[in-house]
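The residues making up each chain are set out below.
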Amino acid sequence: MDIKDVPNWVLALENEDMEFIRKFVMNSGSLKEIAKIYEVSYPTVRIKLDRLIEKIRVNEAENNEDFIKFIKNLSIDDRISVDDAKLIIQKYKQERKSE
């Protein structure tokens, strides 16, 4: 596959995300097996998978601007709160409208 053919959502993932996906596929999608590999609980793995799914959704959305995707990903990665992300995005959209 040529780099130009790689979907944007794949390019947005970090190495850790890609490794999680690889292990997930290699273990036939068994979250129990992934929990054993990472030595964490099943709910912890489920949360990681849910965040990864959300990250993919955000980066697949064609109507999202790069800045909005960036803010949403910060929230998904728990680097900022969901409420803070919403405030930042709202302020950004207001600023864009007034230009």
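(A) Summary view of unusual backbone geometry. Residues other than glycine seldom take positive phi values, yet Ser 28 does so here, at roughly 55°. Checked against the element boundaries, Ser 28 lands in the loop between helix H2 (15–26) and helix H3 (31–38). A relative accessible area of 70% places Ser 28 in the exposed class. Its identity as a non-glycine residue notwithstanding, Asp 78 has a phi of 60°, on the positive side. By secondary structure assignment, the location of Asp 78 is in the loop between helix H5 (66–76) and helix H6 (82–98).

(B) Region of the structure containing H3. Listed as buried for H3 are Leu 31, Ile 34 and Ala 35. Down the axis, H3 shows its buried residues gathered within 105° of arc, on one side only. Facing away from the buried side of H3 by over 90 degrees, the exposed positions are Lys 32 and Lys 36. Tucked inside the fold, the buried residues of H3 contact H2 and helix H4 (42–60). At the exit of H3 stands Glu 39, carrying a positive phi of roughly 55°.

Each value, and the rule that gives it
Residues numbered from 1 in each chain as written. Predicted model: local features only at pLDDT ≥ 70, side-chain atom pairs only at ≥ 80, totals over all residues. Heavy atoms only, no water. Helix = DSSP H or I, 4+ residues; strand = E, 2+ residues; numbered from the N terminus. Buried < 20%, exposed > 50% of the residue type's maximum accessible area, 1.4 Å probe, protein only. Arc of directions from axis to C-beta. Contact = heavy atoms within 4.5 Å.

Scope: geometric values only; no functional claims are made or implied.
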